[in-house]
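A look at the structure
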Amino acid sequence: MSTYEIICQVIGIIAAIVALVSFQFKQNKKYLILQAIASIIFIIQFGLLQAWAAMLLNIVALFRALLFAFVKFKTKKGNLLMCIAFCLLNIACSLIACLLFNEVWFIGLIIGLAQIVGTIAIYSDNPKIIRWVQLCFVSPCWLFNNIFYFSIGGIVTESCNIISIIISLIRFKIDEKKKQTTVE
């Protein structure tokens, strides 16, 4: 591995550490701020790896995290407009990556769709839907991208996301069973 490749991987590992630390915060604002920082670091890594769709989509993810951290929409219409805007930005970034930067078309398509589906899931504001969508679609798509471009930090991040989501879903199920037995 060349010095350049080592630097790329170190940057990705730092991003993974920041992303994993973000999971430890219960307050959404702190979580989202650390997710934004992780996005900045991944933007640098994916740029160095010439993973253009991943770089551009992380820019959108950065702004989405900051917006969710610092702006509270009080109406469903405001939230819907924000959801639509981010979906359109994700489409634009995928197209720009493929058409202007010669991104591998299926990579741009896969992770672009992952970001759109993930944004819609976040709009649902339903923790179970968000987790199932992340587990079954978003994380596998990003894991594919990270394996394709060999981003060790990205692979670690998505693998930990998947494990964390499975644990979370198990805890939801346990909590539901406890509530059922309490009611009976």
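Residues numbered from 1 in each chain as written. Predicted model: local features only at pLDDT ≥ 70, side-chain atom pairs only at ≥ 80, totals over all residues. Heavy atoms only, no water.

**Regarding helix H1 (residues 3–22)**
Helix length check: H1, at 20 residues, gives a terminal C-alpha distance of 29 Å against a target of 28 Å (1.5 Å per residue), a fit within 8%. Taken together, the buried positions of H1 are Cys8, Gln9, Ile11, Gly12, Ala15, Ala16, Val18, Ala19 and Ser22. (Helix = DSSP H or I, 4+ residues; strand = E, 2+ residues; numbered from the N terminus. Expected span 1.5 Å × (residues − 1). Buried < 20%, exposed > 50% of the residue type's maximum accessible area, 1.4 Å probe, protein only.)

**Describing a nonpolar patch on the surface**
A cluster of nonpolar side chains, Leu80, Leu81, Ile84, Leu88, Ile91, Leu95, Ile96, Leu99, Leu100, Phe101 and Tyr123, forms an exposed patch at the surface whose accessible area comes to about 1000 Å². Counting residues per element, the nonpolar patch draws most heavily on helix H4 (residues 76–99), which supplies 8 residues. (Patch = residues over 30% accessible without salt bridge, like charges linked within 9 Å, V, L, I, M, F, W, Y side chains within 5 Å. Areas by Shrake-Rupley, 256 points an atom, 1.4 Å probe, with all protein chains shown as cover. Salt bridge = Lys/Arg side-chain N within 4 Å of Asp/Glu carboxyl O.)

**Structural notes on the pattern of salt bridges**
The full count for this structure, using the stated rule, is 1 salt bridge. Residue Lys128 pairs with Glu176 through a salt bridge whose shortest N-O separation is 1.8 Å. Placement of Lys128 in helix H6 (residues 127–148) and of Glu176 in helix H7 (residues 152–183) is noted, with a sequence separation of 48 residues between them. Note on Lys128: relative accessible area 32%, which makes it partly exposed.

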